[in-house]
Structure formats: structure tokens, C-alpha cells
Amino acid sequence: MLKVPEHQVAGHIASDGKLGPLVDDEGRFFKPLQGDSRGEHESNFYESFTSNKKVPDHIHRYFPVYHGTQLVEASDGSGKLPHLVLDDVVSGYSNPSVMDVKIGSRTWYPDVSEGYFKKCIKKDRETTTVSLGFRVSGFKIFDHQESSFWRAEKKLVLGYNADGARLALRKFVSSNSPADSNLTPPNCAFASEVYGGSNGILVQLLELKDWFETQTLYHFNSCSILMIYENESILMKGGDDDDVQAARAQVKLVDFAHVLDGNGVIDHNFLGGLCSFIKFIKDILLSVDKRHETETSPLENGN
Amino acid sequence: MQLKVPEHQVAGHIAKDGKPGPLVDDKGRFFKPLQGDSRGENEVKFYESFATNTEVPDHIRRFFPVYHGTQAVEGSDGAAMIVLENLLADYSKPSVMDVKMGSRTWYPDASEEYVQKCLKKDTDTTTASAGFRISGFEVYDHKESSFWKPERKLLRGLKVDGARLTLRKFVSSNSLSDMGSKPDSAFVSSVYGGSNGVLTQLLELKTWFENQTLYHFNSCSILMVYENESILKGNDDDARPQVKLVDFAHGNDDDARPQVKLVDFAHVLDGNGVIDHNFLGGLCSFINFLRDILQSPDESAES
């Protein structure tokens, strides 16, 4: 039985009879092949990537596992359509918080149509893409206060400036209610577990960065980084020493409809944006460390 | 004070049609006219800020021209000129190349006209595709025993392979004006490589750019300079590249004295807590080009 994924934060959503991805109960994700050859393009990428010996083993973990294409009953009732079959990256999680960040200071690329170029550059300039080198596309977090998921409004997210993006990244790892953060700043309660640590988001991003400094295989135009972590373990936290691994923070690259050959040049667009994103995460971790120092300092500072 | 036109200006404005161009004196100083439309003012503002900014690490200052304030100069109608260190003063026969860094030369908040002008140039050159473009260069042609400078038109039409070829030519000893000849990359190790070479210096800059949020170096160039005089001293009448290499290897690695400098700060803006991801992405791409050339000096293209 195929159903609409619960934790989709960006991209096309299969609801109200619209065409979108589906999941089964065996951890598989079915993504309809997009029109205008984008779908074909994406499956070509997966085929190439899966068998490309030049991709180091330790980099494969950052990409969804590909299982070919399959004819599946489309979510909009239009009959059987070819779908990409992937591992569902959130299937191992009970209550995952998820954020989609589109990486790169431009989403267009050389040789695109004039129309597509104009559409992309307009959006890039209206969002933080041009200024920060990335933009938050969407996110949903588990609200520990309400014991339910809170999803950021798309219009709000696309209207972010640098401060908005920073705030979203802090909210993403906070335990106080995301709905009223206009009054209370996000507490970044899970920043160290999710962003930090020997297996956290930052370490994974740095590993990706190393690869991007030399890989000339692919240019990941318009791709996103998905950040996922588990809230279930945090909910059950009660003096358990197993906390460090419990968040199981994961970085995945997704959306390969516009990937092109690298042709001997590194993906400097993605890399620049990735480095900027890394700095934002680093700054959050630093501010949490500083706060921790202040709180545990023997000196009273009148806070 | 005797002022004259600099010999080795490779890019940027030159004295033309009664408009002042840069000048040099015999005391190692370079006089740059302030550009109109507040660009000159912006450049002065940058130099003043940079000179006194305690957040700039000492070891990074070597990559910037020393600033000596502004001065009204005779013959320039009392217009102020920026007084800088003449970067070529200590070289007898310098080969010089100007590389504009970044996959875009425009920036948010620039006028629409400026954005469109830059976009066109960025997409017509290797800026958008490679993350940098070669603005100009002048090389000592060892075969002809004279300096050779390509036509500006030639440079503007360069694509990625042409840029790669040009970077090899920059460190070659065989005839440069012959566009069909394969460059011998005779000086690649002593200019690009080595513990004081261009690549080492660029890597130092890269580390700083991964963290510094002080300035965004929009439209800035990296200047590469090296000395040919010492290479000439090792020259026999029948000098063949192999002989030169051997002589060079026995000589002092500092003989070529390769130097990297950042120049042209008319469009520098505050970083505002964000790294200069545009410059950084382009810098990483440039670094990769040089690395490829160092690893395979005889190949004319990487797969």
C-alpha cells in the first residue's frame, strides 16, 4: 500500500489529488519522474552515480540509495506513471525533525533557457540564495511542548533574510515552542547533539566539503541538503547515558533534476554555499558553547 | 618626484584620452587614480578600514598591497590618488597575471544596470562556469627575450580549456604568441608549487576565507607575480627546458619569488556576519585548476 509521506518539507506534495511522491511500508520512497525530461535527467544521475567508481565509498552515505524506476499508480489518479524508487531517508525515524536547505548562490546554470534563467535569478535575489549562498526551502520540527509537529509556512520561509535563516536554524534544534518564538528566542537545546558531536551535522558537512573541494564529476545545480534528526530519543531522555547517538542526525543530498557533468571543474557554486552554511552552523554551536560557559561560570554576571 | 606610467599593468584602467591612469615613482610607490561614481571613495574606505582592522590576522596582511593614504599629484588636476606599494618594484622581469575571483562580479544592492552589465560579462567569460576569469597577463617570453601580452579580446573569449591552457602558458618557457604550440610548463614547480609557491599561498588565503566575515571582495582580483631574471641567469645560449629545470632545482627556491596579492577594492562591502562565499567558491576552483596543472604538467586537459 502506497501512501503520502508524512515528513515531506519541500518540493511537490501529493495531496488533494496532486502529483507527488509516495512511500510504502518497507522504507521505499517513490518519486514521480518530472516532465520536461527532468525526471529522466534525475534517473540518469542516479544510474551514473550508483555505478561511478570515482565516488569514494564514504560519500555514498550522503545520497539516497537508488532502486531503479518502477511503474506505480500516480497520486493524482492519472494512472501508472514511471517513478524513481529510492530508500526513504526518514524511514528509520519515529518523530523526525526535517529541514531542506537549497545550496548554492545561484540555482540557474550556464546554457539554460532564458525563461528558466529569469525565473531562477528572480527567486535567488528575493531569497537568501544570492546573499548567503543557500536558502531554507522548508522545515518541520517536533514541538516538544505541544507533542506534535510544527511546519514552517512556505511563504514565511521564502521571505527570510539572513537573520530569518539564522533563526530558523536555531529553531530547528530548540525545545521551546516554535510557534511563539517572536516572544522567546529559540533555546537551541539540542544544538550540541544535532549539529555538534563526532557524528553530528557539522562533521558530516565538513566531510562533504572535503569531497567538493576536488570532485569534478558532477555539478549539483539546485540540489538541497536535507537535515534529519530523531526526537523520540530526546523525548525519552531521562538520565540515559546513550544520548550522544540518540539524535542520529543525518545529512542527505536530494533533488538531482538539474545535475550536470563537472567537465573538469569543481562545483564551486555548491561549495561556496556549503561553506557559508557550515559557518552558520559553527556560529550556532559557538554561541551555545559561550552560553554554557557563562552559565557554569562561578562569577555572577547579573543575568 | 619623478612619476611615470607603470611598465607591467595587465588589467584595469590605463591612462587614455586625457583621463589619468596609474603612475609609479622610483621609491616603490604606485599611484592609483580614484575612480568615479564613489568607487574610488569606496576603495579608500576599504584600505583605511583594512589597515587598522585588528581582526585581520597578521599573516594575511602580506596578501594585500601596503596602503600609504591618498595624495594629490601634479598633473592630475589636483585630483587625489590612492598611494599604494608598487607590487612589482622588487622584480626585474616580472611575469604578471590578473585573475578576477568569484562566479559573479555583481552583488546584492548594486544598481540594476550594473547587475545586468556584470551578468552578461560573467556568462560570456569563464566567471560563471569556472568561478574566475583571467583579466590580463604579461609574460616574459624566454624564446623571444621580450615581454608578451595577449589582446584583451583574446582573453574575453576564453572558455574553460583556454583558461587552463593560459595558466600553463604563464609558467612555460616556449613561445607564447604561438597559440598552437603546447606549453612546456617549465616553471610550474617553482612558481605554482613549492613551500612558498602560489598554491601554498592560495591555500592560506582559502583558510582565512572559510571564516572571515569582515569583507566581501566583490569583483576583486588575485595578482600572481614571479621573477624571470633568475631563470635567465641559468640560461645557456642553447637553453632547453630540461636544462632550465635542472638549473632551477639546484638554485634557490625563492629565485622565482612567486607572490599572490589581492587587488582592486572598489566594490568591497561589509561582510555582515556572512563569509564571502562567492570569492571562496571561485578561489577553490582556481586552486583546483593549479593543482591539476601541478599534478600533470604535460597533459593539456584533465578528463
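Note that the coordinates shown come from a computational prediction; the quantities given were computed from them, not determined experimentally. (Residues numbered from 1 in each chain as written. Chains lettered and ligands numbered in written order. Predicted model: local features only at pLDDT ≥ 70, side-chain atom pairs only at ≥ 80, totals over all residues. Heavy atoms only, no water.)

1. Things to note about the overall build of chain A
What counts, and what does not: Strands here are runs of E lasting at least two residues and helices are runs of H or I lasting at least four, both read from the DSSP assignment and numbered beginning at the N terminus. With a 1.4 Å probe rolled over the protein chains alone, any residue whose accessible area is under 20% of its type maximum counts as buried; one over 50% counts as exposed, and the rest are partly exposed. Two residues form a contact once any of their heavy atoms are found within 4.5 Å. Charged residues are defined narrowly, with Lys and Arg counted positive, Asp and Glu counted negative, and His plus the chain ends left uncounted. For this purpose, a charge sits on NZ of Lys, CZ of Arg, CG of Asp or CD of Glu.
Scanning chain A for helices and strands turns up ten helices and eleven strands. When the 303 residues of chain A are sorted by exposure, 55% land in the buried category. A fraction of 69% describes how many contacts in chain A between residues 6 or more apart in sequence connect residues 24 or more apart. Computed over 32 positive and 42 negative side-chain charges, the separation of the two mean positions in chain A equals 7 Å.

2. Quick look at the sheet that holds strand β1 (residues 23-24) of chain B
Residues and elements named next belong to chain B. Stated formally: When DSSP finds at least two bridges between two strands, those strands are taken to pair. Note on geometry: axes are lines fitted to C-alpha atoms, helical ones only across the stretch in contact, with angles between N-to-C directions running from 0 to 180 degrees.
Read across the sheet, four strands follow the order β1-β2-β4-β3 without closing on themselves; strand pairing throughout is antiparallel. Strand pairing shows two members of the sheet lacking a second neighbour, β1 and β3 (67-72), which therefore form its edges. Two strands pair when backbone bridges link them, and strand β2 (residues 29-33) and strand β4 (residues 80-85) are joined in this way by five bridges, in the antiparallel orientation. Among the inter-strand pairings, Arg29 is bridged to a residue of β4, identified as Glu85. Lying on the sheet, helix α1 (residues 39-52) is in contact with β2, β3 and β4; it crosses β4 at an angle near 40°.

3. Description of the nonpolar core
Stated formally: Put simply, buried Ala, Val, Leu, Ile, Met, Phe, Trp, Tyr and Cys residues joined by side-chain atoms within 4.5 Å make one nonpolar core.
Phe139(A), Tyr195(A), Phe220(A), Leu167(B), Tyr192(B) and Phe217(B) are the most contacted members of the largest nonpolar core, which totals 131 residues. Here the element with the most residues in this core is helix α10 (residues 268-296) of chain A; it accounts for eleven residues. Setting aside its immediate chain neighbours within four residues, Tyr195(A) contacts Leu169(A), Phe172(A), Val173(A), Phe190(A), Gly200(A), Ile201(A), Leu202(A), Met227(A), Ile281(A), Ile284(A) and Leu285(A).

4. Focus on the environment of Ile231(B)
Note that Ile231(B) resides in helix α9 (residues 229-233). Classification of Ile231(B) as buried rests on a relative accessible area of 3%.

5. Description of the interface of chain A and chain B
Many structure descriptions define interface size as the accessible area lost when the parts assemble. Quick reminder of the rule: Joining two parts hides part of their accessible area as seen by a 1.4 Å probe, and the buried area is that hidden amount summed over both. One side-chain nitrogen of Lys or Arg within 4 Å of one carboxyl oxygen of Asp or Glu is enough to make a salt bridge.
Between chain A and chain B, the residue contacts involve 31 residues of the former and 33 residues of the latter. For the pair chain A and chain B, the summed buried area comes to about 2300 Å², and 58% of that belongs to carbon and sulfur atoms. Sorting the residues of chain A by area buried against chain B places Arg125(A), His268(A) and Lys279(A) first, and these three jointly supply 23% of that buried surface. Where chain A meets chain B, there are three salt bridges. Where Arg125(A) meets Glu112(B), a salt bridge forms, and the shortest distance between an N and an O atom there is 3.1 Å.

6. Some details on the packing of aromatic side chains
Residue and element names in this part refer to chain B. Just so we agree on the cut-off: Pairing of aromatic rings covers Phe, Tyr and the six-membered ring of Trp, with a centre-to-centre limit of 6.5 Å; geometry is then stacked below 30 degrees between planes, edge-to-face above 60, and tilted otherwise.
Tallying each qualifying case throughout the model produces 55 aromatic pairs over all chains. Measuring from centroid to centroid gives 6.0 Å for Phe217 and Phe265, while their planes differ by 70°, and the two rings are edge-to-face. Note that Phe217 is positioned in strand β8 (residues 215-217) and Phe265 in the loop between β10 (259-263) and β11 (268-270), a separation of 48 residues in sequence. Accessibility assignment for this pair places Phe217 and Phe265 in one class, buried.

7. Here we look at the sheet that holds strand β9 (residues 221-227) of chain B
All names here are of chain B. Judged by pairing direction, the sheet is antiparallel, and its five strands sit side by side in the order β7-β6-β5-β9-β10 without closing on themselves. A strand with exactly one partner marks an edge of an open sheet, and here the two such strands are β7 (146-148) and β10. Across this sheet, the average inter-strand angle for adjacent strands is 15°, counted without regard to direction. Bridging between strand β5 (residues 94-101) and strand β6 (residues 132-141) involves six bridges; their strand directions are antiparallel. Among the inter-strand pairings, Lys100 is bridged to a residue of β6, identified as Arg133. Helix α8 (residues 198-209) contacts β9 and β10 of the sheet and is inclined by roughly 40° relative to β10. Running over the sheet, helix α11 (residues 277-295) touches β5, β6, β9 and β10 and is turned about 135° from β5.

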